[in-house]
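Understanding the architecture of this molecule
These are the residues of each chain, in order.
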Amino acid sequence: MFSDILTPLPAIGIEFDMVRGVGPRISNPVRSFEDMQNVATASSFNPERDLSFVGTTLNALRDETAGQTTLLGFVGCPWTLAAYSMEGKGDKNLMETKKILFNQPEVAHQLLDTLSDVISKYIIYQIEQGAQVVQLFDSWAHHLSPEQYERFSLPYTAKVVTTVKAWLSETERSVPLIFFANGCGGKLELIKRALRGKVDVIQVDWSVNIADARERLGPEFVIQGNVDPLTLLGSESVIRDTVTKCCEGAGRRHILNLGHGVVQGTPESAVDLFCQTARNFKYAEVLERLGKE
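Predicted model only: the values in this text are computed from it and were never measured.

Time to look at the pairing of strand β5 (residues 177–181). With 5 of 5 residues buried, β5 is to be regarded as a mostly interior element. What you see with β5 is no split at all: L177, F179 and A181 on one side and I178 and F180 on the other are buried throughout. As defined by bridge partners, β5 adjoins strand β6 (residues 201–203) across 3 bridges and the pair is classed as parallel. Residue pairing in the sheet places I178 in a bridge with V201 of β6. Taken together, β5, helix α9 (residues 188–195) and β6 form a β-α-β motif whose crossover is right-handed.

Shown next as structure tokens:
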């Protein structure tokens, strides 16, 4: 199920508008402890009440697909939602947000902690309503240095997935969690250390060599990704060759995907060829040819 990652924000008092050609605009950005007084507590957040339309959509999709395909849930990570909430808009520099990180880090941590609990409840709600896999998107991870990422993002994502995994264990459910951090190339070792045993799949973006990512993450994680989305503007042979090289580099325990979303204007025929090439790929044959186990 596709849902904008900002969906839970209005439920806790952070309103936004989607401006055509511009993107989200938040009229009341959170930039001080005083602003935090207007943000609802996580304990008051009730996704069944506040985001009932998400549950309705998930149930409808489960009925429509009738078990023929897996239904994926979709959430933003605490850092990405916090950055939007502090900045008030998309921005290449995040100047307002960085001012807070450097001058009022306690404000950022309070917001991140609240969002961690909200997102945990939101994921659990999606699973209760039929999501069979949930992917967490840290779309603004590239705005942070590795040191900043270790301080302002990873601990809160780890808190979310730990909470969800504990609930899954208590309710005897098995729902894989996928984690994606945009711009993860310089952070893979940090991600591995923080999320080992907590997420099932790590998606890497298209700027990372997939074979290098496999070596750095090791065999314990399933890797997802990471074809450059603009490859789909290339010829049929380019698409086939790129898909094959990606699968060869990743080896087993790999979910083929793009390294980011499909770009508007991409031909549907190219997406179809990408999927067909993936379905026809035989890992066993390639691994035998390459002499791998």
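Once the structure has been displayed, the description carries forward.
In this section: the environment of S237. Relative to the assigned elements, S237 resides in helix α11 (residues 236–250). Since its relative accessible area comes to 41%, S237 is described here as partly exposed.

Right, let's talk about helix α12 (residues 268–280) for a bit. Its 13 residues place the ends of α12 18 Å apart at the C-alpha level, agreeing with the 18 Å of an ideal helix rising 1.5 Å per residue. Listed as buried for α12 are A270, L273, F274 and T277. Relative to the axis of α12, the buried residues are bounded by an arc of 105° and lie together on one face. Pointing more than 90 degrees away from the buried face of α12 are the exposed residues E268 and R279. Check the buried side of α12 and you find it contacts β7 (222–227), α11 and β8 (254–258).

Strand-to-strand pairing in sheets goes through backbone hydrogen bonds, with the strands running parallel or antiparallel. Read from one edge of the open sheet, 6 strands run β3-β4-β5-β6-β7-β8, paired in parallel fashion. Looking along the sheet, the strands with just one partner apiece sit at the ends: β3 (72–76) and β8. Direction aside, the axes of adjacent strands within the sheet are offset by 20° on average. Two elements, β6 and β7, share 3 bridges in a ladder whose sense is parallel. Note on β7: the bridge partner recorded for V201 is V222. Contacting β3 and β4 (133–138), helix α6 (residues 105–128) runs over the sheet at an angle of about 170° to β3.

We now examine the packing of aromatic side chains. Where two aromatic rings form a pair, the distance of their centres and the angle of their planes describe that pair. One pass over the full model with this rule turns up 3 aromatic pairs. Members of the aromatic cluster, joined through ring pairs, are F74, F137 and F180. Positioned over the ring face of Y149 is K187, at 5.5 Å from the centre of the ring.

Rules used in this analysis
Residues numbered from 1 in each chain as written. Predicted model: local features only at pLDDT ≥ 70, side-chain atom pairs only at ≥ 80, totals over all residues. Heavy atoms only, no water. Buried < 20%, exposed > 50% of the residue type's maximum accessible area, 1.4 Å probe, protein only. Helix = DSSP H or I, 4+ residues; strand = E, 2+ residues; numbered from the N terminus. Pairing = 2+ DSSP bridges. Right-handed = clockwise from strand over helix to strand, strands pointing away. Expected span 1.5 Å × (residues − 1). Arc of directions from axis to C-beta. Contact = heavy atoms within 4.5 Å. Axes fitted to C-alpha atoms, helices over the stretch in contact; angles between N-to-C directions. Phe/Tyr/Trp six-rings, centres within 6.5 Å; stacked < 30°, edge-to-face > 60°. Lys NZ or Arg CZ within 6 Å of the ring centre and 35° of its normal.

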